[in-house]
Amino acid sequence: MAESIIIRVQSPDGVKRITATKRETAAAFLKKVAKEFGFQNNGFSVYINRNKTGEITASSTKSLSLLKIQHGDLLFLFPSGLAGPSSEMETSAPLGLKACGAPSVVEDEIDQYLSKQDGKIYRSRDPQLCRHGPLGKCVHCVPLEPFDEDYLNHLEPPVKHMSFHAYIRKLTGGADKGKFVALENISCKIKSGCEGHLPWPNGICTKCQPSAITLNRQKYRHVDNIMFENHTVADRFLDFWRKTGNQHFGYLYGRYTEHKDIPLGIRAEVAAIYEPPQIGTQNSLELLEDPKAEVVDEIAAKLGLRKVGWIFTDLVSEDTRKGTVRYSRNKDTYFLSSEECITAGDFQNKHPNICRLSPDGHFGSKFVTAVATGGPDNQVHFEGYQVSNQCMALVRDECLLPCKDAPELGYAKESSSEQYVPDVFYKTSTRLIIVDKDIDKFGNEITQLARPLPVEYLIIDITTTFPKDPVYTFSISQNPFPIENRDVLGETQDFHSLATYLSQNTSSVFLDTISDFHLLLFLVTNEVMPLQDSISLLLEAVRTRNEELAQTWKKSEQWATIEQLCSTVGVQLPGLHEYGAVGGSTHTATAAMWACQHCTFMNQPGTGHCEMCSLPRT
């Protein structure tokens, strides 16, 4: 019997051992390799050297001994889809991670941009410590990696969480360049397809049982800064609380840009706040179904914006004469309640972060949470947060509940006959103020069952700022157009408010007048004359700040009809004869036309009843 030998074959998925004989032909050996790795016969190539030299062909005449392949040799397998030299596969982190089975997805523009950046922190030559020439480098001036914790801790203020792209650089560093690293999403559900036993609750095994979760502080964050473009955006949102005393909710629309204060950081810039239908009281908020949600997202996308987060108020007036508010969210109470953490986790699950380094095609989320609340100086402050990926998994799989009487505590569900819930733990020490008789007196970390759970383990804080030089995606007016869904304040969006707005804003630049986010939404979503199919040119003009395109749209029939509808509400628009595409004579003939209050039909002058519904004019 021929002597058996073992040959190692390395592939992007790992190393496997193939048993063969010295007299075995190369064709038979390659068939064993294909069977072991699950390839088709022509779906891969095997080389003797790592640099793709010395390819082993499927020959039926050449034996392994003739090819000088001996016991214990290491061969290199490359799938047909991995083109290019092996050096590219080793030095390129995305290729290495993609070998783990990540799907082909298109990431956000900011992610594509940051993945191509160097990211290193360059330092100038230290005149006291550096003893080399101007072209040399030493440990005191060599560039630092973007994930250097000592550098981040010495920033002002210190940065507790590295950026997500810095975290990726850390994973893909080292000798293997992150070749076998995969960003896997946590699952708290039983794996389906296990046929070795009865389904839950009658059976479970280690293959289908989800692993227990130990909550840890997340070392990275997907967004490093929230910036409102100007104070007007935030002030108009706060006006609702100032006038009613009730809490309010809104969606943040903006864009993701580079945050240069942190290596490879991402900033969420807020350009507008959309306020959906809701019921607010002094201590609660209830969101209602929004039939316009998809249209708003579509209009925002045409304006170059997207939904980047949500914002809510938690304000209680302390002294109305001084204009101060109560400082209620601090280290002695809570920063986010358990209900708010669950809501944030739900929003983040609905807006996942597209990531080509994850087998699922998504990992984490860039959706942020902003809170308008009282600060240490009893003035209104804006605080930014996200919840960790572990919290997102617990919320997605319905494993986390709020505590009714303790907003700073959550509660991990217990398993039932309908649902299996993995054990959730967190680690604590005597440095944390937690009353428990089992705490180690030496201050060592001990594991606690998350029933209940301090929500601080789930929160990631994000700095929230306003720029020194305000940015204006939309024009600012002293008499702005009313915000949607504020009927409780008597502020309604209709053609009377539109006519009033146009009469008070007499700017010679039409683009400045029409560049209002809430006005554009009204033009698209109003029930009398929605312009969803004919407003693309105007949205492009607003996005690119192109006055010529705006003037072209102003001469359209749609805008002329809007002006005619505005003229029927008793408000005279300045320069009406200049607008529209039909000329001054037509405007003169139609100026006396009136709109029926019941069916909005445009009637000829001199009639007392509507020609469409026959109801009286008044």
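Look up a bit, the structure's there.
Everything numeric here is computed off the predicted structure, so don't read it as measured data.

**A few points about the sheet that holds strand E8 (residues 225-228)**
Here is step 1 of the chain: Taken in spatial order, the 7 strands of this closed barrel run E8-E10-E9-E13-E18-E19-E25, and their pairing is mixed. Ignoring strand direction, the axes of neighbouring strands in this sheet form an average angle of 35°.
Here is step 2 of the chain: Examined bridge by bridge, strand E19 (residues 380-387) and strand E25 (residues 459-465) share 4 bridges and lie antiparallel to one another. Bridging from a neighbouring strand, Gln386 pairs with Ile460 of E25.

**So, the packing of aromatic side chains**
Here is step 1 of the chain: A complete count under the given rule lists 24 aromatic pairs for this structure.
Here is step 2 of the chain: With centroids separated by 5.0 Å and ring planes inclined at 85°, the aromatic side chains of Phe249 and Tyr251 adopt a geometry described as edge-to-face.
Here is step 3 of the chain: Assessed through its relative accessible area of 2%, Phe249 is described here as buried.
Here is step 4 of the chain: Relative to Tyr501, the ring of Phe481 lies with its centre 5.9 Å away and its plane at 80°, an arrangement referred to as edge-to-face. With Phe481 in the loop between E25 and helix H11 (495-504) and Tyr501 in helix H11, this residue pair connects regions lying 20 residues apart in the sequence. The pair formed by Phe481 and Tyr501 is uniform in burial state, with each residue classed as buried.
Here is step 5 of the chain: The ring of Phe37 carries Lys16 above its face, with NZ or CZ at 5.1 Å from the centroid.
Here is step 6 of the chain: Here Lys307 stacks its cationic end above the ring of Tyr251, 4.1 Å away from the centre of that ring.

**Points about the side chain of Glu229**
Here is step 1 of the chain: One can find Glu229 in the loop between E8 and helix H7 (231-244).
Here is step 2 of the chain: Residue classification places Glu229 among the buried residues on the basis of a relative accessible area of 0%.
Here is step 3 of the chain: Side-chain polar atoms of Glu229 contact the side chain of Thr473, separated by 2.6 Å.
Here is step 4 of the chain: Apart from the residues lying within four places of it in its own chain, the contact partners of Glu229 are Arg255, Glu269, Val270, Ala271, Pro467, Pro470, Val471, Tyr472 and Thr473.

**Some words on helix H9 (residues 338-350)**
Here is step 1 of the chain: Taking 1.5 Å per residue, 13 residues should reach 18 Å; H9 reaches 19 Å between its end C-alpha atoms and fits that length.
Here is step 2 of the chain: Of all the residues in H9, the buried ones are Ser338, Glu340, Cys341, Ile342, Ala344, Gly345, Phe347 and Gln348.

**Description of the pairing of strand E23 (residues 446-449)**
Here is step 1 of the chain: Every second residue of E23 is oriented toward a common face, the buried set being Ile446 and Gln448 and the non-buried set Thr447 and Leu449.
Here is step 2 of the chain: Bridging between strand E22 (residues 424-428) and E23 involves 4 bridges; their strand directions are antiparallel. Bridge assignment links Lys427 to a residue of E23, and that residue is Thr447.

**Considerations on the packing of H11 against helix H13 (residues 517-525)**
Here is step 1 of the chain: The contact between H11 and H13 brings their axes to 12 Å, and the two run at 140°. Relative to H13, the element H11 lies oblique. Along this stretch, H11 crosses H13, giving a crossing that reads as left-handed. Taken together, the residues of H13 that come into contact with H11 (itself represented by Phe495, Leu498 and Tyr501) are Leu519, Phe522 and Leu523.
Here is step 2 of the chain: Of the residues assigned to the contact of H11 with H13, the class counts are 6 nonpolar, no polar and no charged.

**Thoughts on the pattern of salt bridges**
Here is step 1 of the chain: Evaluation of the coordinates by the stated rule reveals 25 salt bridges.
Here is step 2 of the chain: Salt-bridge contacts for Glu149 lead to Lys170; the nearest nitrogen and oxygen are separated by 3.8 Å. Taken as a pair, Glu149 in helix H5 (residues 149-153) and Lys170 in helix H6 (residues 164-171) lie far apart in primary sequence, 21 residues in all.
Here is step 3 of the chain: Classification of Lys170 as partly exposed rests on a relative accessible area of 35%.
Here is step 4 of the chain: The shortest N-O distance in the salt bridge between Glu340 and Arg329 comes to 2.7 Å. One end of the pair, Glu340, is in helix H9; the other, Arg329, is in the loop between strand E15 (324-325) and H9, with 11 residues separating them in the sequence.
Here is step 5 of the chain: Taking the relative accessible area as the measure of exposure, Glu340 reaches 16% and is therefore buried.

**Regarding unusual backbone geometry**
Here is step 1 of the chain: Note the cis peptide between Glu156 and Pro157, where omega equals 0°.
Here is step 2 of the chain: Checked against the element boundaries, Pro157 lands in the loop between H5 and strand E5 (162-163).
Here is step 3 of the chain: The amide bond that connects Arg451 to the next residue, Pro452, takes the cis arrangement and shows omega of 5°.
Here is step 4 of the chain: Residue placement: Pro452 occurs in the loop between E23 and strand E24 (453-454).
Here is step 5 of the chain: One non-glycine residue, Glu398, adopts positive backbone phi at about 55°.
Here is step 6 of the chain: On the secondary structure map, Glu398 appears in the loop between helix H10 (389-396) and strand E20 (400-402).
Here is step 7 of the chain: One non-glycine residue, Arg545, adopts positive backbone phi at about 55°.
Here is step 8 of the chain: Position of Arg545 among the secondary structure elements: in the loop between helix H14 (536-544) and helix H15 (547-554).
Here is step 9 of the chain: Of the residues examined, Arg545 reaches a relative accessible area of 40% and is grouped as partly exposed.

**As for the sheet that holds strand E1 (residues 4-11)**
By definition, the strands of a sheet pair up through backbone hydrogen bonds, in either a parallel or an antiparallel sense.
Here is step 1 of the chain: What the 4 strands build is an open sheet, ordered E2-E1-E4-E3; its pairing is mixed. For this open sheet the edge positions go to strand E2 (14-21) and strand E3 (44-47), each flanked by a neighbour on one side alone. Each strand of the sheet is rotated relative to its neighbour by a mean of 30°, with strand direction disregarded.
Here is step 2 of the chain: Bridging between E1 and E2 involves 8 bridges; their strand directions are antiparallel. If you follow Arg8 over to E2, its bridge partner there is Arg17.

**As for the state of the cysteines**
Disulfides are covalent bonds that link the sulfur atoms of two cysteine residues.
Here is step 1 of the chain: One pass over the full model with this rule turns up 0 disulfides.
Here is step 2 of the chain: No disulfide involves Cys194; its sulfur sits 3.3 Å from that of Cys205, the nearest cysteine.
Here is step 3 of the chain: Using a relative accessible area of 27% as the deciding quantity, one classes Cys194 as partly exposed.
Here is step 4 of the chain: The closest cysteine sulfur to the non-disulfide-bonded Cys208 is located on Cys205, 3.6 Å from its own sulfur.

Analysis parameters
- Residues numbered from 1 in each chain as written.
- Predicted model: local features only at pLDDT ≥ 70, side-chain atom pairs only at ≥ 80, totals over all residues.
- Heavy atoms only, no water.
- Pairing = 2+ DSSP bridges.
- Helix = DSSP H or I, 4+ residues; strand = E, 2+ residues; numbered from the N terminus.
- Axes fitted to C-alpha atoms, helices over the stretch in contact; angles between N-to-C directions.
- Phe/Tyr/Trp six-rings, centres within 6.5 Å; stacked < 30°, edge-to-face > 60°.
- Buried < 20%, exposed > 50% of the residue type's maximum accessible area, 1.4 Å probe, protein only.
- Lys NZ or Arg CZ within 6 Å of the ring centre and 35° of its normal.
- Polar contact = N/O pair within 3.5 Å; in protein donor to acceptor, adjacent residues only side chain to side chain.
- Contact = heavy atoms within 4.5 Å.
- Expected span 1.5 Å × (residues − 1).
- Parallel < 35°, antiparallel > 145°, perpendicular 65-115°, else oblique.
- Left-handed = near helix turned anticlockwise from the far one by under 90°.
- Nonpolar A, V, L, I, M, F, W, Y, C, P; charged D, E, K, R; others polar.
- Salt bridge = Lys/Arg side-chain N within 4 Å of Asp/Glu carboxyl O.
- Disulfide = S-S within 2.5 Å.

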